[in-house]
Amino acid sequence: MTTIAKNTICIWYDGDAEEAARFYAATFPDSRVDAVHRAPADYPSGKAGDVLTVMFTVMGIPCMGLNGGPAVQHNIAFSFQVATTDQMETDRYWNAIIGNGGRENACGWCQDKWGVSWQITPVALTDAVTGPDPAAARRAFEAMMTMGKIDVAAIEAAVRG
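Cut-offs and rules
Residues numbered from 1 in each chain as written. Predicted model: local features only at pLDDT ≥ 70, side-chain atom pairs only at ≥ 80, totals over all residues. Heavy atoms only, no water. Patch = residues over 30% accessible without salt bridge, like charges linked within 9 Å, V, L, I, M, F, W, Y side chains within 5 Å. Areas by Shrake-Rupley, 256 points an atom, 1.4 Å probe, with all protein chains shown as cover. Salt bridge = Lys/Arg side-chain N within 4 Å of Asp/Glu carboxyl O. Helix = DSSP H or I, 4+ residues; strand = E, 2+ residues; numbered from the N terminus. Buried < 20%, exposed > 50% of the residue type's maximum accessible area, 1.4 Å probe, protein only. Arc of directions from axis to C-beta. Polar contact = N/O pair within 3.5 Å; in protein donor to acceptor, adjacent residues only side chain to side chain. Contact = heavy atoms within 4.5 Å. Pairing = 2+ DSSP bridges. Axes fitted to C-alpha atoms, helices over the stretch in contact; angles between N-to-C directions.

**Examining a nonpolar patch on the surface**
At step 1: The grouping of Val129, Phe141 and Met145 at the surface amounts to a nonpolar patch, some 260 Å² of accessible area in total.
At step 2: By secondary structure assignment, the location of Met145 is in the loop between helix H4 (134–144) and helix H5 (152–160).
At step 3: Among the residues examined, Met145 registers a relative accessible area of 46% and is labelled partly exposed.

**Topic: the pattern of salt bridges**
At step 1: Following the criterion strictly, the structure yields six salt bridges and no others.
At step 2: We note a salt bridge from Arg32 to Asp30, for which the minimum N-O separation is 3.9 Å.
At step 3: For Arg32, a relative accessible area of 41% translates into the label partly exposed.
At step 4: A salt bridge links Glu142 to Arg138; the nearest nitrogen and oxygen atoms lie 2.8 Å apart. Here Arg138 and Glu142 lie together in helix H4, a separation of four residues that amounts to about one turn.
At step 5: On the basis of relative accessibility, which here comes to 41%, the residue Glu142 falls in the partly exposed class.
At step 6: A cluster of three or more residues bridged by salt bridges with shared partners is formed by Asp30, Arg32 and Asp34.

**Quick notes on helix H1 (residues 17–27)**
At 3.6 residues per turn, the α-helix brings residues three or four places apart onto the same side.
At step 1: Within H1, the full set of buried residues consists of Ala17, Ala20, Ala21, Phe23, Tyr24 and Thr27. Projected down its long axis, H1 carries its buried residues within an arc of 160°, all on one side.

**Quick word on the side chain of Gln119**
At step 1: As for its position among the elements, Gln119 is in strand E8 (residues 117–122).
At step 2: What makes Gln119 buried here is its relative accessible area of 19%.
At step 3: Among the polar contacts listed, one links the side chain of Gln119 to the side chain of Ser79, at a separation of 2.8 Å.
At step 4: Leaving out residues up to four positions away in the same chain, Gln119 has contacts with Ser79, Phe80, Gln81, Val82, Gly108 and Trp109.

**Regarding the sheet that holds strand E2 (residues 32–38)**
At step 1: An order of E1-E4-E3-E2 is seen for the four strands of this open sheet, with the pairing classed as mixed. Each having just a single partner strand, strand E1 (9–13) and E2 make up the two edges of the open sheet. When strand polarity is set aside, the average angle formed by the axes of neighbouring strands in this sheet is 20°.
At step 2: Looking at chain direction, E2 and strand E3 (residues 51–58) are connected through six bridges and run antiparallel. By the bridge assignment, Arg32 is partnered in E3 with Thr57.
At step 3: Against the sheet, H1 makes contact with E1, E2, E3 and strand E4 (61–67), and its axis sits at roughly 15° relative to E3, the strand it touches most.

Okay, structure coming up:
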């Protein structure tokens, strides 16, 4: 009998859930492909024997990739938010996603090649915009609003004024 998490994020893919899960497992720590399940019969977007679902973990979060077909598209209403410790970690994740067919968005957001949104957010940014000094928070927030990938040094400079 398989143990299933009480709460699992289900992400819809157009036939490439396994490829996405393997990319996430290779890119992020505490990530892995847990199981690949094939369809027991034909379904609207595939045939018996095709990969139907992929159970995987992204940074400790249980997920299921569902190969549901082209009918549903991702949007930024759902995203993985990844808190990074420094510029090197920020660059590593950002560059992995963008370099694997993804695209840049504003304010630390990007989308992977499957359309799933990611927020690559340095802790320095979160601390700056939620800090006790409203003027420093505003400067950091305004600096962030001009960025694609977050520049930690620029955020820290904005905090200092």
